[in-house]
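What follows is each chain in one-letter form.
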Amino acid sequence: MKKQLLTLLLAASTSFGALAWPDKPITLVVPFPPGGSTDQIARILSTKMAEKMGGGVTFVVDNKAGATGTIGAGFVARAPADGHTLLVASLGPFVIAPHLVKVSYDALKDLEPITIAVQAPNVLVVPAASERKSVAEVITYLKANPDKMSFASSGNGSSDHLTAELFWQQTGTTGVHIPYKGGGPVMTDLLGNQVESSFMNINTAMPQIKSGKLRALAITSAKRSPLLPDVPTLEESGVKDANVNSWQAIAAPKGIPADVKKRLFDAIVASIKDPTVAPKLQELGFELVLNTPEQFAAFQALEYTRWQKLITSRNIKAD
């Protein structure tokens, strides 16, 4: 009898704990400055998740920028695993930065994967006045002129930088990497013909591609983008195993209750699929992913190893 009573009390306690969550605002930690793609995704989620969860649940976006996103990621990894603190971040803190800088967390062990919300490919662009009109012409030029053609990026170890390194590796060529502090200066110098090319994120490059100021040569996704149906993939252009997507994901401190993780996952999926949200994201070049926590964890492990190998083999260093 005592054992049965204890079991009932424990079940009631667990049920009450689930019902009591959340009992304070849920903080979405963005490990980058306001205004970028990650921040935009977090602010969409903060509004829509509050609507989907109902019951007066509130969300707060907290930008904790610095050290290529690892300061914010470390903060979340050390936070209580109660479902009140979430990380909204790009692939950097999850699979790239740990190989470039000293971090205060284990990216594979200290964060609880919830889902990858969206992803977007990079696109190889050149100024409209460039003599290069195809990937084949770029490769031919690079082979004839090693270390001559400049490839700009938003910084050492960034997705656009690593895509260029992967491109050179897979084509047996070498270019000149020109790192900037952010995508804005890259765009300025591309349009000013100060640099010759860049593997820019599609949502950053699209306005200038549409205006005719930049020429898109190839996209880094496995299939063509609906936004650029006439632009071939790198694979179609003869560059094998060079698919790259920049993704935006949500994670929590390791060990949050399973029922809380399920409610968060359901709210995120409903928010991103909302008819007022999904079309706008797709217009910006984002592809909806919304994989399960288990799928996210398996994919993160593969990406972690992939970028570790490239960073090591190419001797890539942080800024």
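See the structure above.
Everything numeric here is computed off the predicted structure, so don't read it as measured data. (Residues numbered from 1 in each chain as written. Predicted model: local features only at pLDDT ≥ 70, side-chain atom pairs only at ≥ 80, totals over all residues. Heavy atoms only, no water.)

Things to note about the overall build of the chain
Helix and strand content of the chain: eleven helices and ten strands. A compact globule built from 319 residues should have a C-alpha radius of gyration of about 20 Å, and the chain, at 22 Å, falls within 12% of that. By principal-axis analysis of the C-alpha atoms, the chain measures approximately 85 × 40 × 30 Å. For the chain, the proportion of its 319 residues judged to be buried stands at 50%. Carbon and sulfur atoms form 57% of the exposed surface of the chain, whose accessible area is close to 14,600 Å². Side-chain charges of the chain comprise 31 positive and 27 negative groups, with the mean position of each set lying 3 Å from the other. (Helix = DSSP H or I, 4+ residues; strand = E, 2+ residues; numbered from the N terminus. Rg over C-alpha atoms; globule rule 2.2 N^0.38 Å. Buried < 20%, exposed > 50% of the residue type's maximum accessible area, 1.4 Å probe, protein only. Areas by Shrake-Rupley, 256 points an atom, 1.4 Å probe, with all protein chains shown as cover. Lys, Arg positive; Asp, Glu negative; His and termini not counted. Charge placed at Lys NZ, Arg CZ, Asp CG, Glu CD.)

What to know about the packing of helix H6 (residues 159-171) against helix H11 (residues 293-313)
Axis separation between H6 and H11 bottoms out at 11 Å; the angle between their running directions is 70°. With respect to H11, the axis of H6 lies roughly perpendicular. Of the residues in H11, those in contact with Leu162, Glu165, Leu166 and Gln169 of H6 are Arg306, Trp307, Leu310, Ile311 and Ser313. Per-class residue counts for the contact of H6 with H11 are five nonpolar, two polar and two charged. (Axes fitted to C-alpha atoms, helices over the stretch in contact; angles between N-to-C directions. Parallel < 35°, antiparallel > 145°, perpendicular 65-115°, else oblique. Contact = heavy atoms within 4.5 Å. Nonpolar A, V, L, I, M, F, W, Y, C, P; charged D, E, K, R; others polar.)

Some points on the packing of helix H5 (residues 135-144) against H6
Put simply, H5 and H6 touch, their axes get as near as 11 Å, and they point 75° apart. It follows that H5 is roughly perpendicular to H6 by the angle criterion. Across the interface between the two elements, Val135, Val138, Ile139, Leu142 and Lys143 from H5 touch Phe167, Trp168 and Thr171 from H6. Tallied by class, the residues present in the contact of H5 with H6 amount to six nonpolar, one polar and one charged.

So, the nonpolar core
Grouped together as the largest cluster of nonpolar side chains are 50 residues, with contacts concentrated most on Ile209 and Leu264. Looking at this core element by element, the count peaks at seven residues for helix H9 (residues 258-273). Excluding residues within four positions of it along the chain, isoleucine 209 makes contact with Val123, Val125, Leu214, Ala216 and Leu228. One finds Val29, Leu124, Phe151 and Trp168 within the second-largest nonpolar core, a separate group that totals 44 residues. (Core = buried A, V, L, I, M, F, W, Y, C linked by side-chain atoms within 4.5 Å.)

Considering the pairing of strand S6 (residues 176-179)
In the sheet, strand S5 (residues 150-153) pairs with S6 via four bridges, with the strands oriented parallel. Across the sheet, the residue bridging to serine 153 is proline 179, located in S6. (Pairing = 2+ DSSP bridges.)

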